Amino acid sequence: MRKSRTAAQAAVTAVALVGSLALSAAPAAAATTAPSCVGRMVTETTNGFDVLLTNNCSGTRSVKVVVSLASDSRCYKLARGASELYIYTGVLGNYDRTVNC
């Protein structure tokens, strides 16, 4: 009886752990690619890269730059016609994509 109780506790713990991992991954998966009306001009530099974000949409958009192997940019709130320059300095990061935030 003791072994089956220990096995049941281990199973419950494993399910809880897997469930918490799935929940923590959900916000990252929820980010959708920014619409094509948000311009992205990526320029490689000697220390990383720059991304010029331009809102050519009819309304305000909130977007961020996703960087592989490094931290992503902050969330930029761009009014119609506005631009922001994101500057990444580092050796590991690469431009991945621009997403809504």
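Starting afresh in each chain, residues are numbered from 1 along the sequence in its written order. It should be noted that, the model being predicted, local features are given only for residues of pLDDT at least 70 and side-chain atom pairs only at 80 or more, the latter also being counted only at that level, while totals for whole chains, interfaces and linings use all residues. Hydrogen atoms and water are omitted, and side-chain values are computed over all heavy atoms in the structure.

Novice: I would appreciate a short explanation of unusual backbone geometry in the present structure.
Specialist: Glycine aside, residues mostly have negative phi angles, and peptide bonds mostly take the trans form. Backbone geometry places Leu 69, a non-glycine residue, at a positive phi of 65°. Where helices and strands are cited, they refer to DSSP runs of H or I of at least four residues and of E of at least two residues respectively, numbered from the N terminus. Along the chain, Leu 69 turns up in the loop between strand S3 (61–68) and strand S4 (76–78). The cut-offs for exposure are 20% and 50% of the maximum accessible area for each residue type, with area from a 1.4 Å probe on protein chains only; residues under the lower value are buried, those over the upper are exposed, and the others partly exposed. Residue classification places Leu 69 among the exposed positions, given a relative accessible area of 66%.

Novice: Just to check I follow, could you spell out the nonpolar core for this structure?
Specialist: For soluble globular proteins, nonpolar side chains are generally found buried alongside one another. The set of buried Ala, Val, Leu, Ile, Met, Phe, Trp, Tyr and Cys residues whose side-chain atoms join them within 4.5 Å is what this entry labels a nonpolar core. Phe 49, Val 51, Leu 53, Val 63, Val 65, Val 67 and Tyr 86 are the most contacted members of the largest nonpolar core, which has 13 residues in total. Of all the elements in the fold, those that place two or more residues in this core are strand S2 (48–55), S3, S4 and strand S5 (83–89). Apart from the residues lying within four places of it in its own chain, the contact partners of Phe 49 are Val 42, Thr 43, Glu 44, Val 67, Tyr 86, Ile 87, Tyr 88, Gly 93, Asn 94 and Tyr 95. What makes two residues a contact is simply this: any of their non-hydrogen atoms within 4.5 Å.

Novice: I keep staring at the side chain of Thr 98 and nothing clicks. Help me out?
Specialist: Along the chain, the position of Thr 98 falls in strand S6 (residues 94–100). Two N or O atoms count as a polar contact when they lie within 3.5 Å, although within protein this holds only if one can serve as hydrogen donor and the other as acceptor, and sequence-adjacent residues are included solely when both atoms are side-chain atoms. Only 2.8 Å separates the side chain of Thr 98 from the side chain of Tyr 95, close enough to count as a polar contact. Excluding residues within four positions of it along the chain, Thr 98 makes contact with Thr 33, Ala 34, Arg 40, Leu 53, Val 63, Lys 64 and Val 65.

Novice: Sorry if this is basic, but what is going on with the environment of Ile 87 here?
Specialist: By the secondary structure assignment, Ile 87 is in strand S5. On the basis of relative accessibility, which here comes to 53%, the residue Ile 87 falls in the exposed class. The sequence separation of Ile 87 and Val 51 amounts to 36 residues, and the corresponding C-alpha distance is 6.6 Å.

Novice: Could you clarify how one ought to interpret the environment of Thr 60 in this entry?
Specialist: The topology assignment puts Thr 60 in the loop between S2 and S3. Owing to a relative accessible area of 48%, Thr 60 belongs among the partly exposed residues under this scheme. C-alpha of Thr 60 to C-alpha of Ala 79: the two residues are 19 residues apart in sequence and 4.3 Å apart in space. Setting aside chain neighbours within four positions, we find Thr 60 in contact with Asn 55, Lys 77, Leu 78, Ala 79 and Arg 80.

All we've got here are geometric facts, nothing functional implied.
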